Amino acid sequence: ATQAAERELKTAQATLAAERVEAKRAAAAQNALIHRVCQLEESLAAAEGAAAEGAEVLRHRRQWEGEQREARLELEGYRRAVRAAEEKVQLLTRDLNAAQAHIEKLEKRMSKRRGEPPAPEELPAEPGGKVGGRGDKVVGLPRISGSRR
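Note that this is a predicted model, so its numbers are computed, not measured. (Residues numbered from 1 in each chain as written. Predicted model: local features only at pLDDT ≥ 70, side-chain atom pairs only at ≥ 80, totals over all residues. Heavy atoms only, no water.)

> Got a minute to help me understand the overall build of the protein chain in this structure?
Along the backbone of the protein chain there are one helix and zero strands. Of all 149 residues assigned to the protein chain, the portion counted as buried reaches 5%. Carbon and sulfur atoms make up 58% of the accessible area of the protein chain, which amounts to about 13200 Å² in all. (Helix = DSSP H or I, 4+ residues; strand = E, 2+ residues; numbered from the N terminus. Buried < 20%, exposed > 50% of the residue type's maximum accessible area, 1.4 Å probe, protein only. Areas by Shrake-Rupley, 256 points an atom, 1.4 Å probe, with all protein chains shown as cover.)

Set out below in structure tokens:
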């Protein structure tokens, strides 16, 4: 009976030793799993941080794109205003030129009625191609300075 008890004790000790080894393995596996869970939580936190940064960058980019769109529209408005102003300047220049030509015609007509001699600009060009009254000597007329023109 003692031998049976000794065998039973040895079997129980072997089983206990095997269970201790198994417990150590389970504890090591549990520690590895806990470590892996911690790593995954850190990775998740980093990914969430990166996603938040990405969302912030995307929000800033959309805001920037909206500002760019507004600036382009404002610039196009300025361009349209410049084109309209240029067209108006052309029309006013045309009207001014027409008015000046009309004034010159009227002055010419009035000077003919008064019997005044023609202005030096109205004299025909000299044979050398020079126009009288522009600082060139015109036969029969004195030289006219710029202040008296």
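> Explanation requested: the pattern of salt bridges in the structure shown.
When charged atoms on two side chains of opposite charge get close, those side chains can pair. Taken as a whole and judged by the stated rule, the model has six salt bridges. One salt bridge in this structure joins Glu22 and Arg25, with 3.7 Å as the shortest N-O distance. You can see Glu22 and its partner Arg25 sitting in helix α1 (residues 2–114), three residues apart, about one turn around the helix. Given a relative accessible area of 55%, Arg25 falls into the exposed group. (Salt bridge = Lys/Arg side-chain N within 4 Å of Asp/Glu carboxyl O.)

> What am I meant to see in α1 here?
Given 3.6 residues per turn, any residue in an α-helix points the same way as the ones three and four places further on. With 113 residues, α1 extends 163 Å between its outermost C-alpha atoms, agreeing within 8% with the 168 Å of an ideal straight helix rising 1.5 Å per residue. Where α1 ends, the next residue or the one after it, Gly115, has phi of about 80°, a positive value. (Expected span 1.5 Å × (residues − 1).)

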